[in-house]
Amino acid sequence: MISLGGKNPHPSLEDVELEQELLEELQEGFRIRLEHFGRDILFHSPGFKHYQVEDFSIKTGPKFVDISITGKNCELMCDHCASKILWHMIPATTPEELWKVANELKLKGIDGLLISGGSNKDGVVELHPFLKTMKRVKEELGMFVSCHVGLVDRELSEGLVEARVDAVLIDIIGDEETIAQVYKLPHKSTRDYEESLRLLKEAGHNLVPHVIIGLHYGEIRGEYRAIDMIAQYEPSALVLVVVMPYFGKARFQLLPPPKVEESAKVILYARKALPKRPVVIGCARPAGPERVKFDLYALHAGVNGITFPAEGVFTYAREMGLNPVVSPNCCSTVFLH
Amino acid sequence: MGVVQGLEGREEWDYNGCVVPLDLYYEIETQTWLRVNEDGTVTMGLTDVGQVRAGRLLHARIKDVGKVIRKGKPVASLESGKWAGPINALVEGEVVERNEKVLEQPDIINYDPYGEGWIARLKPVDLQRDIKDLLYGREAIEDMKKYIEEWDIICMRCT
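Conventions we followed
- Residues numbered from 1 in each chain as written.
- Chains lettered and ligands numbered in written order.
- Predicted model: local features only at pLDDT ≥ 70, side-chain atom pairs only at ≥ 80, totals over all residues.
- Helix = DSSP H or I, 4+ residues; strand = E, 2+ residues; numbered from the N terminus.
- Rg over C-alpha atoms; globule rule 2.2 N^0.38 Å.
- Buried ≥ 20, exposed ≤ 12 C-beta atoms within 10 Å, placed from the backbone.
- Contact = placed C-beta atoms within 7 Å.
- Nonpolar A, V, L, I, M, F, W, Y, C, P; charged D, E, K, R; others polar.
- Pairing = 2+ DSSP bridges.
- Core = buried A, V, L, I, M, F, W, Y, C linked by C-beta atoms within 7 Å.
- Axes fitted to C-alpha atoms, helices over the stretch in contact; angles between N-to-C directions.
- Parallel < 35°, antiparallel > 145°, perpendicular 65-115°, else oblique.
- Left-handed = near helix turned anticlockwise from the far one by under 90°.
- Arc of directions from axis to C-beta.

Kindly report on the overall build of chain B, identifying the contributing residues and their values.
Helix and strand content of chain B: five helices and 13 strands. Relative to the 2.2 N^0.38 estimate, which gives 15 Å for 159 residues, the radius of gyration of chain B is 15 Å and therefore close to what a compact globule would have. Its C-alpha atoms give chain B principal-axis dimensions of about 40 × 35 × 30 Å. In chain B, buried positions account for 41% of the 159 residues. Restricting to contacts in chain B with at least 6 residues of sequence separation, those with at least 24 account for 60%.

I'd like a rundown of the interface of chain B and chain A, residues and numbers included.
Chain B puts eleven residues into the contact, and the matching count from chain A is eleven residues. Broken down by secondary-structure element, the contributors of at least two residues to the side of chain B that touches chain A are strand 7 (57-62), strand 9 (74-80) and strand 10 (83-88) of chain B. Sort the elements by how many residues they give to the side of chain B that touches chain A and strand 10 of chain B lands first, with four residues. Its residues assigned to classes, the side of chain B that touches chain A comprises five nonpolar, four polar and two charged. Pairing of strand 4 (residues 50-53) of chain A with strand 10 of chain B, which is carried by two bridges, proceeds in the parallel orientation. Its bridge partner being in strand 10 of chain B, tyrosine 51 of chain A is matched across the sheet by alanine 84 of chain B.

Tell me about the nonpolar core, residues and numbers included.
Ranked by internal contacts, the top residues of the largest apolar core, which has 105 residues, are Val168, Leu240 and Ile267 of chain A. Val20, Leu46, Ile108 and Ile109 of chain B belong to the second-largest nonpolar core, a separate cluster that totals 37 residues.

Kindly report on the sheet that holds strand 15 (residues 323-327) of chain A, identifying the contributing residues and their values.
Strand order across the open sheet formed by eleven strands is 7-6-8-9-10-11-12-13-14-3-15 (chain A), with parallel pairing between neighbours. Unpaired on one side and paired on the other, strand 7 (90-91) and strand 15 of chain A mark the two borders of the sheet.

I'd like a rundown of unusual backbone geometry, residues and numbers included.
With phi around 50°, methionine 77 of chain A is a residue other than glycine that occupies positive phi space. You can see methionine 77 of chain A is positioned in the loop between strand 6 (64-68) and helix 2 (84-87). A count of 15 C-beta atoms within 10 Å places methionine 77 of chain A in the partly exposed class. Positive phi outside glycine occurs at aspartate 152 of chain B, with the angle close to 55°. Inspection of the secondary structure assignment puts aspartate 152 of chain B in the segment after helix 5 (141-150). The exposure class assigned to aspartate 152 of chain B is exposed, which follows from the 7 C-beta atoms found within 10 Å.

So what's going on with the packing of helix 8 (residues 223-231) of chain A against helix 10 (residues 260-273) of chain A? Residues and values would help.
Residue and element names in this part refer to chain A. Two elements in contact, helix 8 and helix 10, have axes whose closest approach is 10 Å; the angle formed by their N-to-C orientations is 15°. Classified by the interaxial angle, the pair formed by helix 8 and helix 10 is roughly parallel. Regarding helix 8 and helix 10, the two cross each other, and that crossing is right-handed. In contact with Glu223, Tyr224, Ile227, Asp228 and Ala231 of helix 8, helix 10 contributes Val266, Tyr269, Ala270 and Ala273. A per-class count over the contact of helix 8 with helix 10 returns seven nonpolar, no polar and two charged.

Describe in detail the environment of serine 83 of chain A, supporting the description with residues and values.
Residues and elements named next belong to chain A. Topologically, serine 83 is positioned in the loop between strand 6 and helix 2. Residue serine 83 is classed as partly exposed on the basis of its 19 C-beta neighbours within 10 Å. In sequence terms serine 83 and glycine 117 are 34 residues apart; their C-alpha atoms lie 9.0 Å from each other. Non-local contacts of serine 83, meaning those with residues more than four positions away in its chain, are made with Lys72, Asn73, Cys74, Met77 and Gly118.

How would you sum up helix 4 (residues 131-141) of chain A? Please name residues and give values.
All names here are of chain A. For helix 4, the complete set of buried residues consists of Thr133, Met134 and Val137. Seen from one end, helix 4 has its buried residues packed into an arc of 105°, which puts them on one side. Counted as exposed and oriented over 90 degrees from the buried face of helix 4: Glu139 and Glu140. Looking at the packing, one finds that the buried side of helix 4 touches helix 3 (95-107), strand 8 (112-116) and strand 9 (144-149). Just downstream of helix 4, glycine 142 is the residue with a positive phi angle, here 65°.

Tell me about helix 5 (residues 154-162) of chain A, residues and numbers included.
Residues and elements named next belong to chain A. Listed in full, the buried residues belonging to helix 5 are Leu156, Ser157, Gly159 and Leu160. Summarising the axial view, the buried residues of helix 5 lie within an arc of 160°, below the 170-degree limit, and thus occupy one face. Set apart from the buried face of helix 5 by more than 90 degrees, the exposed residues are Glu155 and Glu162. Residues of helix 5 that are buried make contact with helix 4, strand 9, strand 10 (167-171) and helix 7 (190-202). Once helix 5 ends, the next one or two residues include arginine 164, with phi positive near 60°.

By themselves, these are just geometric observations and shouldn't be taken as functional.
Right under this line is the structure:
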């Protein structure tokens, strides 16, 4: 165990202890990042959350926000989320409302939108009625538009091309039981997720898959398989997030998230599986002392970016010899760097 | 809206459901409050408006007892799903007590921001010097009203 007390670059890391053996294991990830990406590391702070810690904050106003085309509603109501992730999004539940909201946001200086929403009972975010408006937002307002989808068929994948979206985000699950139990989709399987990846890649999208660490009630289950599935389709970037028990239903609320050390091994696996593609830590992960350790291990594992870095992490990255780059955008834009 | 007699007999002003006790000092921009205690120490916390803006708080860190905090520097940091930020010391001073209950269950701040949800108690270095920058009780009403209107806030104690 390595204690950062006394030699830490930031006072908030005084009580943090990292496992020496694990740090040695993670060195390979760091070597990969140096070889393929050099020393730049992105720290994202998209505008849907006010985020200010002692050594990191965005000085400009918000630039990138998220919109839900279903408001707070989700037919699936998965165990890990129960639609709560939608609650803080800006609602725009009709194409007309989306156009109005996008125009208002543009006037406020916003130049990027993440368009998402709740799923239907087949795990699909019903984006079809919004595609023409999304195209207008892209062409007439000149905004960056990324779209967080559920499962897609060929029609939706091609519709998103027609809408000229800049990036397509999709959560990939690598375990059948997780799909059936947590996502309430017993009639779907990992094959359906793989098919969505294939269709999106074939259509030529900038593909930014997400893997939720600890999705199976806090356990690591299908994460490694999901990464393997993703690696086959050469994504523009991979986003890793951690399940947040607070957002879940009763069965989730009291569960601890996965052990940070186990999560760090998932990050390393992703780094090795995608040596030439950006791997970033997304905005969703639990707050608290465990996040500090998670972020530090992520730096050692060679990630390309961290969203809302825990206090002290920005300073630590600089001490590691990395070159921090601050971004007000969603981490799904990392491939543009 | 208006000044009413609140719980425990203290005078309070309320607007859009947001309560502002009139026996406290305020910094409107950071939505923090300060109470001067009989022993010369001060107690600090987040206002009702502040807890609404933050949303249900999930995590809190408070500086250790014995640390001397300069005015305007963080004495605590709080985080919810949509907000993370510091609670800056309204006066320069030494931390003499942290609210351990808030560390264990930060959303006490959401339920009782001026009572059980206090954050830290400080021993000020120069109270008279630093307190001049704060608004006391009724002096805070006008600016608080502007803030509530600007951010379109309606206060609720359950999140």
